[in-house]
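So you can see what is in the structure, the chains are spelled out below.
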Amino acid sequence: MGIEGRAGLSLPAQVANHVGLTRVLSGALSSVRSWREHDPGVVVRDLAVMLVDGGDCVSDLAPRAPELFGEHAGQTTASQPTAWRTIEAIAADELALTRVEDALARVREHVWGLPGGAPPVLDDGSAEPVCVDLDATLVTAHSEKDGAAGTYKGTFGYHPDLAFCDRGDGTGEALAGLLRPGNAGSNTAADHIELLDAALAGLPADCCDREIVVRGDIGYAVKAFLAHARKQGCSFSVSFEITEPIKDAIRGLDERAWQPAIRQDDTLRPGAAVAELTHEIALPEGWPAGSRLIIRREPLHPGAQQTIDDLDGCRFTAVLTDQTDGDIAVLEQRHRARARAEDRIRTLKDLGMGNLPCGEFSRNAVWLQLALLALNLQVWTQTLTLSGELARAEPKRLRYQLHHVAARVTRGARRVTVKLDADWAWTPDLLAAFQRLRALPPAPT
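Residues numbered from 1 in each chain as written. Predicted model: local features only at pLDDT ≥ 70, side-chain atom pairs only at ≥ 80, totals over all residues. Heavy atoms only, no water.

Caption draft 1: Region of interest: the environment of Trp367. Its location among the elements puts Trp367 in helix H11 (residues 361–385). Relative accessible area serves as the criterion here: at 0%, Trp367 is assigned to the buried category. On a C-alpha basis, the gap between Trp367 and Glu285 in space is 41 Å, while along the polypeptide they are 82 residues apart. Beyond its immediate stretch of four places on either side in the chain, Trp367 contacts Met50, Leu51, Asp56, Cys57, Val58, Ile87, Gly352, Asn355, Leu356 and Pro357. (Helix = DSSP H or I, 4+ residues; strand = E, 2+ residues; numbered from the N terminus. Buried < 20%, exposed > 50% of the residue type's maximum accessible area, 1.4 Å probe, protein only. Contact = heavy atoms within 4.5 Å.)

Right, here's the structure in full:
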């Protein structure tokens, strides 16, 4: 049958089959117009695998040996026109994306029930809450597209709002995404509420027994949004603006009010300290009852210039939260961990979101969901089948070391044999990944 240059892509494809993702996508999209030889759910899976491989437009979808992709080996790769028609058909169905999100929630519940599949914070001995991180980003459009508009940074494109579940181990799963025009506001409560509701719907039922903390930057410090988060049973932790009254309160703090700040590895951060201003200043009316204001102080980094907002050679940041933990250093440390959402966004842009290739807004919304699907597929592949550095590797490294391994695919004696390049340094890692995958219980039908 010949040489396959990307034999390692069979790993994420077969992970999708093994955890039931391909099957539930087919069920969710059963009402979408299908073509005689192509199941829409399988086409969506193939598009997600293409994004994992670094593609950023439908024209990057290339033929591959169907035997490498497991249980759907009888279906050849969809042509580019068929892939476009599938995206168009999903965009034309108002409820298709909702059904896809529901399907992903069912798959996530199964994955989290597998050995090593759940976030470490869900271990029985862990007291850490489940953290849902919200963040928005800008995606540039290089041509006139439906919904693209000028952004607050002077660029032109889109301003999607995104939600992730922080696994606490350096990775995170995408829970929801809301595509918005480039001129959408950073503090629009209605958009944030819609996003949060979709994100919470994507969490397995087991999370209901744990505290859920919604984290965000200053754009999510909106009274209506925080009130809704409280109504949904979530705690919140958001960055807060340091106003003149807050600056005055900081200057009036006794030095004994400050306590050492800690890094993410629980070591002390030299020179940094935290203090609580909840009882030193009255928050404006309308913030949720029980809100606490925590301040962090740290010296300016080497080479940094002091700005008008910096006080006495130090940089200050503020956190508004309603968590009841008595250790404010832990609360501030937990809030700073939300920066991992920015890493997730960077990875997401490397998995297809960096280019929204369609002319219509509804089709680009489908493309955004494909990128979120690709991110989750990569996270599940790493969590369930890889170990060591590869379990935390960036997409570029995974492509080079695993996905692009060469193999010869042969057929004989009613069997298909995939002969991997024995001289490739990471072939043993790929073989071990397939062994771990086969050892996992399959998804229930």
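Caption draft 2: Layout of the side chain of Thr347. Residue placement: Thr347 occurs in helix H10 (residues 340–353). The buried category is assigned to Thr347, whose relative accessible area is 2%. Setting aside residues up to four positions removed in sequence, Thr347 forms contacts with Leu375, Gln378, Glu394 and Pro395.

Caption draft 3: Structural detail: the nonpolar core. By size, the foremost hydrophobic cluster in this structure holds 126 residues, and its most contacted members are Leu21, Leu203, Ile246, Leu277 and Ile295. Counting residues per element, this core draws most heavily on H11, which supplies 14 residues. The residues contacting Leu203, other than those within four sequence positions of it, are Trp112, Val132, Cys165, Leu175 and Ile212. By size, the runner-up hydrophobic cluster in this structure holds 10 residues, among which are Ala272, Val274, Val319 and Ala329. (Core = buried A, V, L, I, M, F, W, Y, C linked by side-chain atoms within 4.5 Å.)

Caption draft 4: Inspection of helix H13 (residues 427–439) at higher detail. Given a rise of 1.5 Å per residue, 13 residues ought to cover 18 Å, and the 19 Å separating the end C-alpha atoms of H13 matches this to within 8%. All of the buried residues along H13 are Thr427, Leu430, Ala433, Phe434 and Leu437. Take H13 and look down its axis: the buried residues cluster within an arc of 120 degrees, on one side only. The outward face of H13, more than 90 degrees from its buried face, is lined by the exposed residues Pro428, Gln435 and Ala439. On its buried side, H13 packs onto helix H1 (10–18), H11, helix H12 (395–403) and strand E15 (415–420). (Expected span 1.5 Å × (residues − 1). Arc of directions from axis to C-beta.)

Caption draft 5: Structural context of the sheet that holds strand E1 (residues 2–4). One open sheet holds the 3 strands; their spatial order is E1-E14-E15, and the pairing between them is antiparallel. Looking at which strands have only one partner, the edges of the open sheet turn out to be E1 and E15. With strand direction ignored, the average angle separating the axes of adjacent strands in the sheet is 35 degrees. The pairing of strand E14 (residues 407–412) with E15 spans 6 bridges and is antiparallel. Bridged to Ala407 within E15 is Leu420. (Pairing = 2+ DSSP bridges. Axes fitted to C-alpha atoms, helices over the stretch in contact; angles between N-to-C directions.)

Caption draft 6: Main features of helix H6 (residues 189–201). Taking 1.5 Å per residue, 13 residues should reach 18 Å; H6 reaches 18 Å between its end C-alpha atoms and fits that length. Considered for burial, the residues of H6 that qualify are Ala189, Asp191, His192, Leu195, Leu196, Ala199 and Leu200. Down the axis of H6, the smallest arc covering the buried residues is 160 degrees, so these residues share one side. Opposite the buried face of H6, by more than 90 degrees, sit the exposed residues Ala190 and Ala201.

Caption draft 7: Molecular detail of the sheet that holds strand E10 (residues 259–262). Pairing is mixed in the open sheet, where 9 strands are placed in the order E7-E6-E2-E8-E9-E13-E12-E11-E10. Strand pairing shows two members of the sheet lacking a second neighbour, strand E7 (172–178) and E10, which therefore form its edges. The sheet shows a mean angle of 30 degrees between the axes of neighbouring strands, taken without regard to direction. As paired elements, strand E2 (residues 130–136) and strand E8 (residues 212–216) share 4 bridges and run parallel to each other. What sits directly across from Val132, in E8, is Val214. Together, E2, E8, strand E9 (235–240), E10, strand E11 (268–276), strand E12 (292–299) and strand E13 (314–321) form the strand contacts of helix H9 (residues 328–336), whose direction differs from that of E12 by roughly 80 degrees.

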